[in-house]
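Per-entry structural report
Listed below are the residues making up each chain.
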Amino acid sequence: MVMDILETRELRYFMAVADELHFGRAAERLGMAQPPPSRAIQQLERRLGVSLLKRNRRGVALTGAGEMLLHEGRAALDAATAAARRTRRAGGADTPGGPRNRLVLAVKAGASHELLHKLLDAYAAEPDAVEIEVLPSGLCEQEGMLRDGRADVALMHAPFNSLAGFDSEPLMTEGQIAVLPAAHPLAAHRTLSLADVSDIPELPLARWSRNGTYPPGPGPEIHDQTQLAQLIALGRTVAVLPDSARTWLWAEHTAVPLTDAPPVVTHIAWPAHSRSLALAGLIRTATRL
């Protein structure tokens, strides 16, 4: 039915207002005057037959229907953006003069070097292999890259990454380590427990973003691997990481195995609806490693 059709332009306007909860700031974010977003949302409300926003002098608030559209609309916009990006990539339009068919593989910077080398080498030997572009990501960014089409496939690490909404295959299981400043007394231990490293006053646990928010705590907010490595070396924080993180440690770091930390499982993950033959070939190669 016509009343059920959502235009991506309307969704973008609504998402900006829903995120900012202010028409003026939303219009500034969109790079336009205020009337177009306001009119578009009013038209959207009339067509859907519901109120999406509660308007008052101080700004706006979301209704229950608005909360639903905020959640569903973000997924819809990600899907539309992903379709456009992957279509351009399949036709070579995003890299003029480059290959017409390639796959973008998102990986957490510094994670699973040995596994990644094995996968890339084994796949390159396949007769129908396409070019693989490795896209390093920040901590826990692979999910977003898959959802909005920046990546076609990703190496993800449970329980740190969510696999919800993706197809996946497990590739490797490893333990976890505490990475401490080498001069700290706990660095001399052969093993530690999670309790040992969770409440060190002078070394609060590092915190990194998941879905755009940082968990509460006194530890520093971590944005990338280099920042984390430097803060540990300076004696400002401690981190709990997969055992494969040993490959990028500095001389100023010490890794101590954790006896009671849950195992980390590295998965190769991809969009559940994918029909890419090249991607299917990469997955087959991965599961044979």
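In case you missed it, the structure is sitting above this.
Residues numbered from 1 in each chain as written. Predicted model: local features only at pLDDT ≥ 70, side-chain atom pairs only at ≥ 80, totals over all residues. Heavy atoms only, no water.

**Description of the overall build of the protein chain**
Rule in force here: By definition, any uninterrupted DSSP run of H or I lasting at least four residues is a helix, any uninterrupted run of E lasting at least two residues is a strand, and each is numbered from the N terminus. Remark: exposure states derive from per-residue accessible area (1.4 Å probe, protein chains only) relative to the maximum for the residue type, with buried under 20%, exposed over 50%, and partly exposed in between. Residues are treated as being in contact if the distance between any of their heavy atoms lies within 4.5 Å. Per-residue and other accessible areas were derived by the Shrake-Rupley procedure at a 1.4 Å probe size, with only the shown protein chains allowed to occlude residues.
Helices and strands together make up the secondary structure of the protein chain, namely nine helices and 12 strands. Dimensions of the protein chain, computed from the C-alpha atoms along their principal axes, are close to 65 × 55 × 30 Å. Counting across all 289 residues of the protein chain, residues that qualify as buried make up 43%. Summarising the internal contacts of the protein chain: among those between residues at least 6 apart in sequence, 66% fall at separations of at least 24. With an accessible surface of roughly 15200 Å², the protein chain has 54% of that area assigned to carbon and sulfur atoms.

**Details of unusual backbone geometry**
Cis rather than trans, the peptide bond between Ala 158 and Pro 159 has omega equal to 15 degrees. One non-glycine residue, Leu 21, lies in the positive phi region at around 55 degrees. By the secondary structure assignment, Leu 21 is in the loop between helix H1 (8-20) and helix H2 (23-30). Relative accessible area serves as the criterion here: at 35%, Leu 21 is assigned to the partly exposed category.

**Some thoughts on the pattern of salt bridges**
So the rule is basically this: Counted as salt bridges are all cases of a side-chain nitrogen of Lys or Arg within 4 Å of a carboxyl oxygen of Asp or Glu.
Counted under the stated rule, the structure contains 16 salt bridges. Two residues, Arg 74 and Asp 19, come together in a salt bridge whose shortest N-O distance is 3.0 Å. On the criterion of sequence distance, the pair formed by Arg 74 in helix H4 (residues 64-90) and Asp 19 in helix H1 is long-range, its members being 55 residues apart. On the basis of relative accessibility, which here comes to 38%, the residue Arg 74 falls in the partly exposed class. In this structure Asp 19 comes out as partly exposed when scored by relative accessible area, which is 33%. Here Arg 86 makes a salt bridge to Asp 152, at a shortest N to O gap of 3.3 Å. Placement of Arg 86 in helix H4 and of Asp 152 in the loop between helix H6 (142-147) and strand E5 (153-158) is noted, with a sequence separation of 66 residues between them. You'll find Arg 86 and Asp 152 in the same group, each marked buried.

**Describing the packing of H1 against H2**
Test applied: Between N-to-C directions, angles cover 0 to 180 degrees, with each direction set by a line fitted to C-alpha atoms, over the stretch in contact for helices. Throughout this description, any angle smaller than 35 degrees is read as roughly parallel, any larger than 145 degrees as roughly antiparallel, any in the 65 to 115 degree range as roughly perpendicular, and the remainder as oblique. Left-handed describes a crossing in which the near helix is turned anticlockwise from the far one by less than a right angle; the clockwise case is right-handed. The classification used treats Ala, Val, Leu, Ile, Met, Phe, Trp, Tyr, Cys and Pro as nonpolar, Asp, Glu, Lys and Arg as charged, and all other residues, Gly among them, as polar.
Put simply, H1 and H2 touch, their axes get as near as 8 Å, and they point 130 degrees apart. Classed by the angle they form, the pair H1 and H2 counts as oblique. Considering only the axes of H1 and H2, their crossing is right-handed. Seen from H1, the contacting residues are Arg 12, Tyr 13, Met 15, Ala 16, Val 17, Asp 19 and Glu 20; seen from H2, they are Phe 23, Arg 25, Ala 26, Arg 29 and Leu 30. Taken together, the residues that form the contact of H1 with H2 break down as seven nonpolar, no polar and five charged.

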